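A structural walkthrough
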Amino acid sequence: AQSVAQPEDQVNVAEGNPLTVKCTYSVSGNPYLFWYVQYPNRGLQFLLKYITGDNLVKGSYGFEAEFNKSQTSFHLKKPSALVSDSALYFCAVRPDYTGKLIFGQGTTLQVKP
Amino acid sequence: DGGITQSPKYLFRKEGQNVTLSCEQNLNHDAMYWYRQDPGQGLRLIYYSQIVNDFQKGDIAEGYSVSREKKESFPLTVTSAQKNPTAFYLCASSLSGANVLTFGAGSRLTVL
């Protein structure tokens, strides 16, 4: 079955420290990969995507993600976390030749001052 | 401003009643989607439509119905057959083929 896994329900990091939010996927072919962020009681906002090319993708608000085909991972990273980065983060994958996204269960990022 | 508008933001329903959630977009997007969000379960796809007058079931379509009579509109009806309808519902759209999705602000449905 096609799926996306975010192994951590919550990630805690101190402001100024680097952060990583993990994502692994299980789909066939060459999927498109995405990260979205959600603030409380709001819709999701697009952060970045990987389709092809350079394995390191840069996105909004200083976030980046690294695609690793052999490990089927697409971890979200930021060199220096801000308190305002605290939110719910979703990884998503679009399998080849489909018209839909599959989302992970989400990871809550808590950045403390 | 272009975007997606969902209404109502909050909705309360008695058991046994059908309710329709509205989703309108002025982005000229071809594809539209409905997701359900429950705590700890992420987003689950209910229905999606890639073109007017056509739609497909997602992973949890039972107890829901949709229509796509206009490009701009994709209403979702939560029927009395849906066993556990209390949830946060999110509508989204994209230019085509689930590339980058633009989401609405969501509708929170509570069944009393």
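Rules and cut-offs
- Each chain carries its own residue numbering, running from 1 in the written order of its sequence.
- Just so you know, chain letters begin at A and ligand numbers begin at 1, following the order they were written in.
- Given that this is a predicted model, residues contribute local features only at a pLDDT of at least 70 and side-chain atom pairs are listed and counted only at 80 or more, while totals for whole chains, interfaces and linings are drawn from all residues.
- Heavy atoms throughout the structure, all of them, feed into the side-chain values; hydrogens and water do not.
- Numbering of helices and strands runs from the N terminus; a helix is a DSSP stretch of H or I covering at least four residues, while a strand is a stretch of E covering at least two.
- Here, residues are in contact when the closest pair of their heavy atoms is within 4.5 Å.
- Salt bridges are identified by distance alone: a Lys or Arg side-chain nitrogen within 4 Å of an Asp or Glu carboxyl oxygen.
- Note on terms: buried area is the combined drop in 1.4 Å-probe accessible area of two parts once they are placed together, counting the loss on both.
- Any pair of N or O atoms that falls within 3.5 Å is considered a polar contact. Within protein, one atom must be able to donate a hydrogen and the other to accept it, and sequence-neighbouring residues count only if both atoms are side-chain atoms.

Observations concerning the environment of Val13 of chain A
Residue and element names in this part refer to chain A. Structurally, the position occupied by Val13 is in strand β2 (residues 10–14). Here the alpha-carbon distance between Val13 and Pro113, two residues 100 residues apart in the chain, equals 9.1 Å. Residue contacts for Val13: discarding those within four places in its chain leaves Pro18, Leu19, Ala81, Leu109, Gln110, Val111 and Lys112.

Here's the deal with the environment of Leu11 of chain B
Residue and element names in this part refer to chain B. With respect to the helices, strands and loops of the structure, Leu11 is situated in strand β2 (residues 10–13). Taking the C-alpha atoms as reference, Leu11 lies 22 Å from Thr102; in sequence the two are 91 residues apart. Setting aside chain neighbours within four positions, we find Leu11 in contact with Val19, Leu21, Arg108, Leu109 and Thr110.

Examining the pattern of salt bridges
With the rule as written, the count across this model stands at seven salt bridges over all chains. Put simply, Lys77 of chain A and Glu66 of chain A hold a salt bridge, and the shortest N to O gap is 3.3 Å. Taken together, the positions of Lys77 of chain A in strand β9 (residues 73–78) and Glu66 of chain A in strand β8 (residues 64–68) put the pair 11 residues apart, joining distant regions of the chain. For Lys100 of chain A, the salt bridge is made with Asp59 of chain B, and the minimal N-O distance between the two is 3.9 Å. Of this pair, Lys100 of chain A sits in the loop between β10 (87–94) and β11 (102–103) while Asp59 of chain B sits in the loop between β6 (54–57) and β7 (64–66), on two different chains. Three or more residues are tied together by salt bridges with common partners; here these are Arg36, Asp38 and Arg44 of chain B.

Side note on the interface of chain A and chain B
Contact residues are listed per partner, giving 20 residues for chain A and 23 residues for chain B. Counting each side, the surface lost to burial between chain A and chain B is near 1,600 Å², with a carbon and sulfur contribution of 55%. Broken down residue by residue, the surface that chain A buries against chain B is led by Asn41, Gly99 and Lys100 of chain A, which jointly contribute 30%. Taken together, the links from chain A to chain B amount to one salt bridge. Our enumeration of links across chain A and chain B arrives at five residue pairs in polar contact (both at pLDDT 80 or more). Within the residue set of the side of chain A that touches chain B, elements represented by two or more residues are β5 (32–38), β6 (44–50) and β10 of chain A.

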